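Spelled out, the chains give:
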Amino acid sequence: MALEEVYKGENVDEVVELLDKYGKDAKIIAGGTDIVIDLRNNRIDPKVLIDISSIEELKGIKDKGEYIEIGAGVSFTQVVENPLFERNLYGLNKACHMVGSPQIRNKGTLGGNIANGSPAADSIPPLICLNSTLILKSVRGRREISIEDYYKDENEKIRPDELLVSIGFKKPKENQVLSFAKLGLRKALAISRLSIAILVELDEEGKIINIEVASGSLGKYPMRELELEQFLLGKKLEDSTVDEGVLVLQRAMEKRLAGRSTFPYKRVAVDRMFREALEEAMKYLDEVRL
Amino acid sequence: MKEIQLNVNGKDYSLNIDENMRLIDLLRDKLGLLGTKEGCGEGECGACTVIMDGETVTSCLVMAFQAHGSEILTIEGLESNGKIHPIQQAFIDVGAVQCGFCTPGMIMSAKALLDKNPNPTREEIREGISGNLCRCTGYNKIVDGVELAINYIEEGK
Amino acid sequence: MKFDIVGKNIIRTDAYSKVTGKALYPQDIYMDNMVYGKTLRSKLPHAYIDIDTSEAEKIEGVIKIFTYKDVPNNSHGVVFKDHEVFCEKKVRRIGDPIAFVVGETEEVCKLALDKIKVDYKELEGVFDPEIAMDENSPKVHGDSNIVYHFKIRKGDIEEGFKNSYVIAENTYKTHMVEHAFLQPEAGVSLIDEEGRVTVMVATQYPHYDREEVASALNIKEEEVRIVNTNIGGAFGGREDISLQIHLALAAYTLKRPVKVVYSREESFIAHAKRHPMIMKCKTGADKDGKLLAMEAEIIGDTGAYASWAPNVLRKAGVHITGPYYIPNVVVDSYAVYTNNPFAGAMRGFGATQVPIAHEQQMDILAEKLGMDPISIRMINIFKQGSVTATGQVLTESVPVEACIKEVVKRMDLFGEEGHNEETW
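Since the structure is predicted, the reported quantities are computational estimates derived from the model, not experimental observations.

Asks: Looking at this structure, how should I read the interface of chain A and chain B?
Replies: Interface size, as often reported, equals the accessible area lost upon joining of the parts. Taken together, the contacts link 24 residues of chain A with 25 residues of chain B. In terms of residue count, the dominant contributor to the side of chain A that touches chain B is helix α5 (residues 102–107) of chain A (5 residues). For the side of chain A that touches chain B, a count of residues per class yields 12 nonpolar, 7 polar and 5 charged.

Asks: I'm lost on the interface of chain C and chain B in this one. Help?
Replies: Tallying the contact residues gives 23 residues for chain C and 25 residues for chain B. Top element by residues in the side of chain C that touches chain B is helix α1 (residues 15–19) of chain C. It accounts for 4 residues.

Asks: For this particular structure, what's the right way to read the domain arrangement of chain C?
Replies: All names here are of chain C. Domain annotation of chain C identifies domain 1 (15–122 + 180–270) and domain 2 (129–177 + 273–423). Using only C-alpha atoms to locate each centre, domain 1 and domain 2 end up separated by 38 Å. In this assembly, 16 residues from domain 1 lie in contact with 18 residues from domain 2. For the side of domain 1 that touches domain 2, the residue count by class is 5 nonpolar, 6 polar and 5 charged.

Asks: I would appreciate a short explanation of the packing of helix α2 (residues 86–94) of chain B against helix α5 (residues 139–154) of chain B in the present structure.
Replies: Axis angle and axis distance: for two packed helices, these are the angle between their axes and the distance between the axes, and together they describe the pair. All names here are of chain B. The contact between α2 and α5 brings their axes to 8 Å, and the two run at 130°. Of the possible angle classes, the one that applies to α2 and α5 is oblique. Relative to α5, α2 is oriented so that their crossing is right-handed. Contacts between α2 and α5 involve Pro-86, Ile-87, Gln-89, Ala-90, Phe-91, Asp-93 and Val-94 from the former and Lys-141, Asp-144, Gly-145, Val-146, Leu-148, Ala-149, Tyr-152 and Ile-153 from the latter.

Asks: Looking at this structure, how should I read the sheet that holds strand β7 (residues 141–146) of chain A?
Replies: Strand pairing in a sheet relies on backbone hydrogen bonds. The paired strands run either parallel or antiparallel. Residues and elements named next belong to chain A. With antiparallel pairing, 5 strands are arranged side by side in an open sheet as β4-β5-β8-β6-β7. Whereas interior strands pair on both sides, the edge strands pair on one side only; in this sheet they are β4 (61–64) and β7. Ignoring strand direction, the axes of neighbouring strands in this sheet form an average angle of 25°. Bridge analysis of strand β6 (residues 133–138) against β7 gives 6 bridges, and the strand direction is antiparallel. In the sheet register, Ile-135 faces β7, and the bridge partner there is Glu-144.

Asks: So what exactly am I meant to see when it comes to helix α10 (residues 239–257) of chain A here?
Replies: Count 3.6 residues to each turn of an α-helix, and residues three or four apart come out pointing the same way. All names here are of chain A. Counted at 1.5 Å a residue, the expected span for α10 with its 19 residues is 27 Å, and the 26 Å between its end C-alpha atoms agrees. Within the span of α10, buried status applies to Gly-245, Leu-249, Ala-252 and Met-253. An end-on view of α10 places all buried positions within 95° of arc, on one side of the element. What points out from α10, more than 90 degrees from its buried face, is the exposed set Asp-239, Ser-240, Asp-243, Leu-247, Arg-251 and Lys-255. In the core, the buried residues of α10 are packed alongside α9 (226–232) and α11 (263–289).

Asks: Explain the packing of helix α3 (residues 103–116) of chain B against α5 of chain B to me, please; I cannot follow it from the model alone.
Replies: All names here are of chain B. Two elements in contact, α3 and α5, have axes separated by 11 Å at closest approach and are oriented at 45°. In terms of their interaxial angle, α3 and α5 are classed as oblique. Considering the relative orientation of α3 and α5, their crossing is right-handed. Here Met-106, Ala-110 and Leu-114 of α3 lie close against α5, whose contacting residues are Ile-142, Val-146, Ala-149, Ile-150 and Ile-153. Across the contact of α3 with α5, the residue classes tally to 8 nonpolar, no polar and no charged.

Basis of the calculations
Residues numbered from 1 in each chain as written. Chains lettered and ligands numbered in written order. Predicted model: local features only at pLDDT ≥ 70, side-chain atom pairs only at ≥ 80, totals over all residues. Contact = placed C-beta atoms within 7 Å. Helix = DSSP H or I, 4+ residues; strand = E, 2+ residues; numbered from the N terminus. Nonpolar A, V, L, I, M, F, W, Y, C, P; charged D, E, K, R; others polar. Domains from an automatic or database assignment. Axes fitted to C-alpha atoms, helices over the stretch in contact; angles between N-to-C directions. Parallel < 35°, antiparallel > 145°, perpendicular 65-115°, else oblique. Left-handed = near helix turned anticlockwise from the far one by under 90°. Pairing = 2+ DSSP bridges. Expected span 1.5 Å × (residues − 1). Buried ≥ 20, exposed ≤ 12 C-beta atoms within 10 Å, placed from the backbone. Arc of directions from axis to C-beta.

Put into structure tokens, the structure is as follows:
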């Protein structure tokens, strides 16, 4: 690597001006947990590195009543330690808790997890279930894109002069819950083999009246599992429904992954992961109802 | 070259550093703090763990310029008044040391854990050191060492 | 007798230096006037090479680039001298050392590595040890890939199987394993005050290293010193030469301290692995579960170099019968060259791979006989006085029977009903 200039950004305005000046020659560094490896392996070769890890305005978790806004520089540790994510947003806590190791969680940020576009990023499926919005800033102003579009739409990317400043989503209602399950090769420091996040709401009879399922590492990018959602909507969660739900999910992933060496394994593993996420969601909902 | 200021083990430094330098390189090559080890260079092994502004980081994944304005604590900074830290003493006493290459990083993770949670369970200790690999696989003794350190700290040893 | 050490908790003498970070590993050694070295390694598993260092030598800060031409005796190896210090005509695996750049900084050395031209004429490689045993397969060294063949012949195997009531016949495979000791290879070499070539390195065999360095440099052993620093784990992975001769050669030639630190990636590529083994086992027992015969073929893939292959495959052959008395035994254990990463010592030295085979054979026989897996073992287990397949009489303590009984007890394997131990 051969960096010519490095900046320690003090505020967002300064950073977007630097991005405007250097454009594609510049890279943002926050936690550095991925980018330092890429730099050293010459996978990227920017001339300029702009550090945003000390910018206070990117580090807040704001409870805005109906909404929550998480600064792009918030670390996984900060999410794990915040009581906002203890109850029906537990899925986000769990996803962030399963990232890397204590050291990686202390440094790695939610914004970085999104901005580097890894298909295995642990925090993304829960954020997709929450229909999160990415808030971007540049000298041209402010722009919002939906996190789902960010992954699936080639035209909805973060532009070279833009900085991801925060991630916003509407709080789920008290009778809705976000859950998460991840399969890694070991407990710590494992990149997801696959992950499942579920946001679900039941009516009084136990029928699903709202459900969003998002997966990680079951396709080119983290995505909603629409066929599974459609199948489950309006149904009671009986064993046979869950069994059939697994088949629906397996069929959907087969279309995307057939022929890949990892598919036979993931096809089997997804069963347990889906059930784990669902069981944890039901456990919470049962407690709320009591 | 870039000039940065930082505090390492209680001492202020103003240094001219290469833009491409990592924090581990700064500590080892610039300051001669050789207790911080490089085992993998990609944040997997934890041998390079130091405490940065109160939290553990793998110093191989921090660029040196990012540490401008930070307080860094390394294994060399744990001694006070000529006495080693209770965690270090406990590691010696229970035999938590084998090849020793993971030991400084392991102790820094244990220190950060006990600073935050002075009375962790065995499971919490295991999680606290989950970012540090010991290839001699002496994990049980290491967890014993951290447990003993809890007692030493309570006794003011 | 009164003991001062045995039975007591003793504080390690190196514990204090290790918990304080003061213990020095080779990468922690810095010297005045020190220069750095980096190794150019083969990118192909099997090829003829032609090397041109002229462009790289022009880079400012490059002091010398060593190749096979600079080594007085270009071979080394713990059992067979089949390694080259630097490959001359042919590379046999990905990662074979081809050249060693010494420069003022590590950065300069990296630039030089990119500028060394290696013209590879790729050869057909062999990566499957069973194929490698075929006469017509590509040869890694010389005219046969079979490095070693260990045999056991005991009793009458045909008679043993003829009398067997059940026979289990299966093939088991184990994979290559990396030691991943936490401290990647590193070393510093210099000429000491008495004029000796000195290599400070973390090694398992300072005395072998000394022999190998002296032999490669064609100097007397008295002129070579190996200083063992603290060793950041080894597990067998530091039994072969890695950077010792490169370093010694550079310091001997340049009369300056030279330092090398491998990255984790280079460490993975540079040193040996655990031998992957293919184990074909046929085991027969009578109606009561008493073992009557075992026939085993073990094929160990030693990759491009023998390293400790004869010792490892001998040990695997000796242990394939497990801790059981078997009257009729045939074992053929082979070590085979391929163009895979080379295999050598790793924790257990061949005894680690075979239990997956002999123990599953026992479970399968028990299942066929409708026995429980403990009873079939207790009938056949080695006791004091037992004779092994190699004819060794076990005269000393053989506590395996007591061990299994204790395991059964503590795991409460047979529940409250207990187990009729008389059948054992």
